[in-house]
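Geometric and topological summary
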Amino acid sequence: PSPDSGRNRSTSPRNATPKSRRSGDGQQGTDAPGGGRGRGADGGANFAPAELVAREQAAAREQAAAREQAAKVEQLQSELEERKKELAQQQRQMDFQQKLIQRQKTQEVEAFENYKQQQDREWQNMLEEKRRMEQELASAKLALQGAAAASAVRGRPTTAAAPLVPAGAKGKLLALGTKCRYDSNTYGWMPAIVKGFNQADCTYDLDVRQHAKLDKIAPSVDASVADAWPTGAMASYLSQSANQWLPAIVTTYNEDDGTYNLDVRDHADVDRIRARAPDDVGAAAAASGSGASGS
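In short, a report on the structure. Everything numeric here is computed off the predicted structure, so don't read it as measured data. (Residues numbered from 1 in each chain as written. Predicted model: local features only at pLDDT ≥ 70, side-chain atom pairs only at ≥ 80, totals over all residues. Heavy atoms only, no water.)

**Here we look at the overall build of the protein chain**
Helix and strand counts for the protein chain come out as three helices and 10 strands. Put simply, the protein chain runs from its N terminus to its C terminus through helices and strands in the order α-β-β-α-β-β-β-β-β-β-β-β-α. By residue count, 26% of the 295 residues in the protein chain fall in the buried class. A separation of at least 24 residues holds for 51% of the contacts in the protein chain among residues at least 6 apart in sequence. As displayed, the protein chain has an accessible area near 20,000 Å², and 52% of this comes from carbon and sulfur atoms. (Helix = DSSP H or I, 4+ residues; strand = E, 2+ residues; numbered from the N terminus. Buried < 20%, exposed > 50% of the residue type's maximum accessible area, 1.4 Å probe, protein only. Contact = heavy atoms within 4.5 Å. Areas by Shrake-Rupley, 256 points an atom, 1.4 Å probe, with all protein chains shown as cover.)

As structure tokens, then:
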């Protein structure tokens, strides 16, 4: 070998082949002239260690921010659920209070209704007591009238043409010429005039019917003051409250509405008024068994 062979085999730095670097995808590449990054065999980017660290730090920050955002969302969801529970609890409390208030109102209404019904019952009892007292008073008056009439007519002869006016009795029979109505079984209500009173059978003689019964004689409809039954005339009144005939006395006649004021009722309708006679006369007639039937 020549002396220069050793030098020829020596390696100088300039002639040395540059070392290969590994790219990010595992491929080897050649350093770029500026000592930065180059391209690998497949065209991928090769990053310097500092840049890779920066990218990893940025990715870590992004992941931390995402985790923080997720934690905030989870916290908000938790707070929302808690708030929903609170609202549900408040709603239940409000519903319960509303039920209590409604129940209290119902109890108050029921108590008021019970009180009202009690007051109505007491009022009805008072009215019934008043009616009973009025009936007892009317019965007492009638008994007094009957006793007075009995003492007045005892021993007197029966009169068929003249009206009977018992001495000391309150009220009087219908006088001759009094206008009235007669309820005929054949023709219905028809105008009539009183011609006399029959004490024997307690009936009236009318121009349209002899021996007309008392319950078939009523005042005329829409009569004038001159044709109305006079003050003091004895009558019977059909009471709506008592649902029975009550003895009555005519006090005045109301020409404006065609009604009568009685001692037991003001503005009594003529359809609820009938003629009446003292009880002792009626009792005597019933005992004798006499009387004529209406047509």
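That covers the picture; the talk isn't over yet.
**A word on the sheet that holds strand S8 (residues 244-254)**
The four strands lie next to each other as S9-S8-S7-S10, forming an open sheet whose pairing is antiparallel. The two strands at the open ends of the sheet, each matched to only one other strand, are strand S9 (259-262) and strand S10 (273-275). For this sheet, the mean inter-axis angle between neighbouring strands, taken without regard to orientation, is 55°. Here S8 runs beside S9; their pairing, made up of four bridges, is antiparallel. When the sheet's bridge partners are listed, Asn254 is paired in S9 with Thr259. (Pairing = 2+ DSSP bridges. Axes fitted to C-alpha atoms, helices over the stretch in contact; angles between N-to-C directions.)

**Some thoughts on the layout of surface pockets**
Put simply, the largest pocket is a space of about 360 Å³. Along its surface, the largest pocket is lined by 17 residues, and Glu134, Ser239, Ser241, Val264 and Arg265 are the ones closest to its centre. Secondary-structure elements contributing two or more residues to the lining of the largest pocket are helix H2 (49-153) and strand S7 (234-239). Here the element with the most residues in the lining of the largest pocket is H2; it accounts for five residues. (1 Å grid on protein atoms, 1.4 Å probe; cavity = no way out; pocket = protein on both sides within 12 Å on 5 of 7 lines; lining within 4 Å. Points joined across faces, edges and corners; volume = space filled by probe spheres on them.)

**So, the side chain of Ser239**
Structurally, the position occupied by Ser239 is in strand S7. Once residues lying within four places of it in the same chain are set aside, the contact partners of Ser239 are Gln244, Leu246 and Arg272.

**Quick notes on unusual backbone geometry**
The phi dihedral of Cys202 falls on the positive side, at around 55°, and the residue is not glycine. Look at His267: it is not a glycine, yet its phi comes out positive at around 55°. Residue position: His267 is located in the loop between S9 and S10. Judged by relative accessible area, which is 43%, His267 ranks as partly exposed.

**What to know about the packing of aromatic side chains**
All chains considered together, the criterion is met by two aromatic pairs. Aromatic pair Phe197 and Tyr204: ring centres 5.0 Å apart, planes at 65°, arrangement edge-to-face. Neither Phe197 nor Tyr204 differs from the other in exposure class; each is buried. Both rings, one in Tyr253 and one in Tyr260, keep their centres 4.7 Å apart while their planes meet at 55°; by these two values the pair is tilted. Residue Tyr253 shares its accessibility class with Tyr260, and that shared class is buried. Cation over ring: Arg181 sits above Trp189, and NZ or CZ is 4.5 Å from the ring centre. (Phe/Tyr/Trp six-rings, centres within 6.5 Å; stacked < 30°, edge-to-face > 60°. Lys NZ or Arg CZ within 6 Å of the ring centre and 35° of its normal.)

**A closer look at the sheet that holds strand S4 (residues 188-198)**
The four strands are arranged S5-S4-S3-S6 in an open sheet whose pairing can be described as antiparallel. Of all strands in the sheet, those bounded by a partner on one side alone are strand S5 (203-206) and strand S6 (217-218). Pairing between S4 and S5: four bridges, direction antiparallel. Each bridged residue has a counterpart across the sheet, and for Val194 the counterpart in S5 is Leu206.

Read these as spatial facts, not as claims about activity.
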